[in-house]
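As a plain string of letters, each chain reads:
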Amino acid sequence: MIPGVGPGADEVLAELTRLRAGDAPTHGGRTLAYVYDSGLGDLDELAARAHAAASSANGLDPTAFPSLLHMENDLVGTAIELLGGGRAAVGTVTSGGTESCLLAVLAAREGRRDVVDPSIVVPSTVHAAFRKAGHLFGVRVVSVPVDPTTFRADPDATAAAIDHTTVLVVASAPSYAHGVVDPIPEIAAVAREHGVRLHVDACIGGWVLPYLRRERVGTRAPAFDLSVPGVTSLSVDLHKYAYCAKGVSVLLHADAELRRGHYFASADWPGYTMLNPTLQSTRSGGPLAAAWAVVRHVGDDGYAALARTARAATEEIRAGITAIDGLGVLGEPDSTLLAVALDGDPGFDLFTVADELAARGWYVQLQFPHESSPANLHLTVTAANRGHEDALLTAMREAVTSAVAAGPVTLDDDLRALIDALDPEALTPEQFAGLLAAAGLGAGPDEDGPDEDGPDGNGDGRTGDGQGRGPGRPIRLPDRMAGINAMLAVASPRLRERLLAEFLGTLYRPRAADASP
Ligand SMILES: *Cc1c(COP(=O)(O)O)cnc(C)c1O
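The paragraphs below set out a description of the structure included in this document. Keep in mind the model is a prediction, meaning the values are calculated, not measured.

What counts, and at which threshold
Residues numbered from 1 in each chain as written. Predicted model: local features only at pLDDT ≥ 70, side-chain atom pairs only at ≥ 80, totals over all residues. Heavy atoms only, no water. Buried < 20%, exposed > 50% of the residue type's maximum accessible area, 1.4 Å probe, protein only. Helix = DSSP H or I, 4+ residues; strand = E, 2+ residues; numbered from the N terminus. Arc of directions from axis to C-beta. Near = heavy atom within 4 Å. Polar contact = N/O pair within 3.5 Å; in protein donor to acceptor, adjacent residues only side chain to side chain. Areas by Shrake-Rupley, 256 points an atom, 1.4 Å probe, with all protein chains shown as cover. Nonpolar A, V, L, I, M, F, W, Y, C, P; charged D, E, K, R; others polar. Phe/Tyr/Trp six-rings, centres within 6.5 Å; stacked < 30°, edge-to-face > 60°. Axes fitted to C-alpha atoms, helices over the stretch in contact; angles between N-to-C directions. Parallel < 35°, antiparallel > 145°, perpendicular 65-115°, else oblique. Left-handed = near helix turned anticlockwise from the far one by under 90°. Contact = heavy atoms within 4.5 Å.

**Examining helix H7 (residues 184-193)**
Note that an α-helix has 3.6 residues per turn; residues three or four places apart therefore point the same way. Restricting attention to buried positions, one finds in H7 the residues Ile184, Ile187, Ala188, Val190 and Ala191. End-on view of H7: buried residues confined to an arc of 160°, all on one side of the axis. Exposed and oriented more than 90 degrees from the buried face of H7 are Arg192 and Glu193. Looking one or two places after H7, you find Gly195, whose phi comes out positive at around 65°.

This is how it looks when you write it as structure tokens:
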């Protein structure tokens, strides 16, 4: 051991445990977004051990680390088998769904170098990863409104949006926001007719829908995978419903020619020839090995059972929510995601319901209004929710009762005027600070001031640390977010983007190296 350096391993790990205790729980089904819990006790340890066994290996050179090549080919082979790929199908393991979607767009753009002003045609419900792809790769995103009540993509409108600049059409299986599967066979036919690629974003449904469809357990989802003529690529995240540790997704292409465009090589420097199938160059073997171990261990029958379990929980939660006065579920969810909205004008709001749920230890994700989709609460249901549906429904009923008693949050007229007057393209730091103050959000205590509400200093137990320096100290988040969310809900999407990006910048502030834990 190196003598006389920092705290001992046990102490450092104890500190990590203390920090993690303030996070949203990742197990037990109480966090209904961001995390996926199989409910199987042994998976975490298996993943951790496999991760540790390979985290120092580098996927940068698969000839130096053939184990990584082997595991990647295994995972891609399993995914192809599950998702209807033919004998020519190939794939790539990426760091996550966003990277898979980015690479699908990049490959499509590179496959059509003749198109000067490339564009992609997407349903308006498509995951924001495709907006990011457009932003990063200089590809225009042509958004086609979905059916206003089913929230499914519209094949005719999609056809009408395709032009000579279209390098890719995208559809979702299912969409993140509403959990509905787009009419993939019809859209694939349209894409094929126009000679354009079609990417199916099955990031969240790709490890569930095949099992539900195979066993005919309560989904009416249409065929959506690579077996549908016209589907040229598909993304599926293993760190979602394959219940793998974070950092693994698979991008499949119908053949190697379609994949070529997302490979990158550069020999134009004095070092090694850089040869990258993904956006990363050095790639840890950890997430790959963890996923490989988990996928092998759970196996096809295990995933079939997990998919059935998660779907059954989803159906039960959906029925229970629909029975609550004033709540409903948007669309006809095909998989394991629910969007909970107000039914009519019941005299309470969902922002308060979300706060009340959080106060009871349940965490849901707010989805703001967009086109025909009203504000709603997103629920990602996993196998761990099975058998505990009543606990969630009870919390939901209590949260609604409290929200009714509190009445809807009202926005102060002055604040509303302030928001309406803001130009997102010209937002100044002063305006942002003014808005924060108006919303009752102050900066956390500075280094000179005592930190009174506990070790993490902000009372919310999650973000911010009260130890920032300089003028932009971390913000002290209130326990109740309804007021802020109501404010964000009336902002335009562009203004919301600007405000939240600005806000993020206030969260990420360096802690002094010698700050107390
Ligand atoms: C989660 C998700 C993504 C993005 O995946 P990340 O792993 O969060 O980067 C893309 N598309 C859909 C449909 C998703 O659900």
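**Remarks on the site of the ligand**
Close to the ligand lie Gly96, Gly97, Thr98, His127, Pro174, Tyr176, Asp201, Cys203, Ile204, Asp237, His239 and Lys240, which account for all nearby residues. Asp201 places a side-chain nitrogen or oxygen 2.6 Å from a nitrogen atom of the ligand. The fraction of the free accessible surface of the ligand (380 Å²) that becomes covered by protein chains is 85%. The class makeup of the residues in the shell around the ligand is four nonpolar, five polar and three charged.

**Remarks on the packing of aromatic side chains**
Scanning the model with the defined rule gives five aromatic pairs in all. Aromatic side chains Tyr211 and Tyr303 sit 6.5 Å apart centroid to centroid with 25° between the ring planes, which places their arrangement in the stacked category. Of the two residues, Tyr211 is situated in helix H8 (residues 209-215) and Tyr303 in helix H10 (residues 286-322); the sequence distance between them amounts to 92 residues. Residue classification places Tyr303 among the buried positions, given a relative accessible area of 2%. One aromatic cluster in this structure is built from Tyr36, Tyr241 and Tyr243.

**Quick word on the packing of helix H3 (residues 66-82) against H10**
For the pair H3 and H10, the least separation of the axes is 10 Å and the interaxial angle reads 45°. It follows that H3 is oblique to H10 by the angle criterion. Of the two elements, H3 crosses H10, and the hand of that crossing is left-handed. In this structure, H3 uses Leu68, Met71, Glu72, Asp74, Leu75, Thr78 and Leu82 to contact H10, whose residues at the interface are Leu288, Ala289, Ala291, Trp292, Val295 and Asp300.

**So, the side chain of Thr380**
Following the sequence through the fold, Thr380 ends up in strand S13 (residues 376-380). Separated by 2.6 Å, the side chains of Thr380 and His378 make a polar contact. Those residues within four positions of Thr380 in sequence are excluded, and the remaining contacts are Leu32, Ala33, Tyr36, Tyr176, Ile204, Tyr241, Thr336, Leu337 and Asn385.

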